[in-house]
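# Fold and geometry: a report
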Amino acid sequence: LDDTSNHLNSIALSMRNTLFLRDESEIRKEIDNITGTNLQLLDNLRQLHQLFNNAEDVGLLKKLDIIDSAYRVNQDDFVALVRQNRMGEARNLLLVELHPYQQQYFALLNSLKHHQRQRVLQESAAVSNTFLHVRGWTFSLTLASDWKSTRLNSSHSQQSRMPSSA
């Protein structure tokens, strides 16, 4: 999830940077970063679909897919506008269309992080609870074993003190 957020942030910064840069080679570097990071972002999304499989997370992932699809269409339009040197239109697209999608994207990623954190806490509590039960049973069995051993030793000790009948 952190990689996904970082990739999304990197793309957002590169898009913003293209609007401030004047040198064509620097603008090309930013566009190349957008393109390359997008591939990594797509790979991360595939991994998220494999990692998260409970109903609540799947619902969030479906919403994320919808936002991602709209975000990519607008992002492609943004890159095309920058390549055509139509910076005013690119800026408007970034502010009006892309930025709200980025915000929604980050919010959904944060929701997934929150759900993951909650699930880890629940699983940790379950493991801790199981440990306490096992420890209690182990303690009980140890006491029972010690008690039985003490009784056997006590019984054997009493028998060895009795005079033999010989």
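A brief look at the structure comes next. (Residues numbered from 1 in each chain as written. Predicted model: local features only at pLDDT ≥ 70, side-chain atom pairs only at ≥ 80, totals over all residues. Heavy atoms only, no water.)

### Section: the overall build of the chain
Across its full length, the chain carries 4 helices and 0 strands. In the chain, which comprises 166 residues, the proportion classed as buried is 30%. The long-range fraction of contacts in the chain, counting pairs at least 24 apart against all pairs at least 6 apart in sequence, stands at 75%. (Helix = DSSP H or I, 4+ residues; strand = E, 2+ residues; numbered from the N terminus. Buried < 20%, exposed > 50% of the residue type's maximum accessible area, 1.4 Å probe, protein only. Contact = heavy atoms within 4.5 Å.)

### A word on the packing of aromatic side chains
One pair of aromatic rings is described through two measures. These are the centre distance and the angle between the planes. This structure, assessed with the given rule, holds 1 aromatic pair. Seen from their ring centres, Tyr71 and Tyr105 are 5.7 Å apart, and the 70 degrees between their planes marks the pair as edge-to-face. Taken together, the positions of Tyr71 in helix α3 (residues 55-83) and Tyr105 in helix α4 (residues 87-161) put the pair 34 residues apart, joining distant regions of the chain. This pair shows no difference in class: Tyr71 is buried, exactly as Tyr105 is. (Phe/Tyr/Trp six-rings, centres within 6.5 Å; stacked < 30°, edge-to-face > 60°.)

### Notes on the pattern of salt bridges
All told, the structure shown has 3 salt bridges when counted by the stated rule. Of the charged contacts in the structure, one is a salt bridge between Lys113 and Asp2, with a shortest N-O distance of 3.0 Å. Remark: Asp2 occurs in helix α1 (residues 2-20) and Lys113 occurs in helix α4; sequence separation between them is 111 residues. (Salt bridge = Lys/Arg side-chain N within 4 Å of Asp/Glu carboxyl O.)

### With respect to the packing of helix α2 (residues 24-51) against α3
Where α2 contacts α3, the two axes come as close as 12 Å, and the packing angle between them is 165 degrees. One way to sum up the angle between α2 and α3 is to call them roughly antiparallel. Once α2 is placed against α3, the crossing between them reads as left-handed. Residue-level contacts link Ile27, Ile31, Ile34, Asn38, Leu41, Leu42, Leu45, Leu48 and His49 of α2 to Leu61, Leu64, Asp65, Asp68, Arg72, Gln75, Val79, Val82 and Arg83 of α3. Here the residues of the contact of α2 with α3 are counted per class, giving 11 nonpolar, 3 polar and 4 charged. (Axes fitted to C-alpha atoms, helices over the stretch in contact; angles between N-to-C directions. Parallel < 35°, antiparallel > 145°, perpendicular 65-115°, else oblique. Left-handed = near helix turned anticlockwise from the far one by under 90°. Nonpolar A, V, L, I, M, F, W, Y, C, P; charged D, E, K, R; others polar.)

### Digging into the packing of α1 against α2
Between α1 and α2, the least distance of the axes is 9 Å, while the angle of their chain directions is 160 degrees. On the basis of their axis angle, the class for α1 and α2 is roughly antiparallel. Of the two possible hands of crossing, α1 and α2 adopt the one that is left-handed. Note on element contacts: α2 touches α1 through Ile27, Glu30, Ile31, Asn33, Ile34, Thr37, Asn38, Gln40, Leu41, Asn44, Leu45 and Leu48, opposite Asp3, Thr4, His7, Leu8, Ser10, Ile11, Ser14, Met15, Asn17 and Thr18.

### Details of the side chain of Asn74
On the secondary structure map, Asn74 appears in helix α3. Apart from the residues within four sequence positions on either side, Asn74 is in contact with Leu93, Glu97, Leu98 and Tyr101.

### Remarks on α2
Here α2 is 28 residues long and its end C-alpha atoms lie 40 Å apart, about the 40 Å a rise of 1.5 Å per residue gives. Those residues of α2 that fall on the buried side of the exposure criterion are Ile27, Glu30, Ile31, Ile34, Thr37, Asn38, Leu41, Asn44, Leu45 and Leu48. (Expected span 1.5 Å × (residues − 1).)

### Remarks on the environment of Asn33
Checked against the element boundaries, Asn33 lands in helix α2. A residue is classified by how much of its surface remains accessible, and Asn33, at 28% relative accessible area, is partly exposed. For the pair Asn33 and Ile11, spaced 22 residues apart in sequence, the C-alpha to C-alpha distance is 7.2 Å. With residues up to four places along the chain from it excluded, the contact list for Asn33 reads Ser10 and Ser14.

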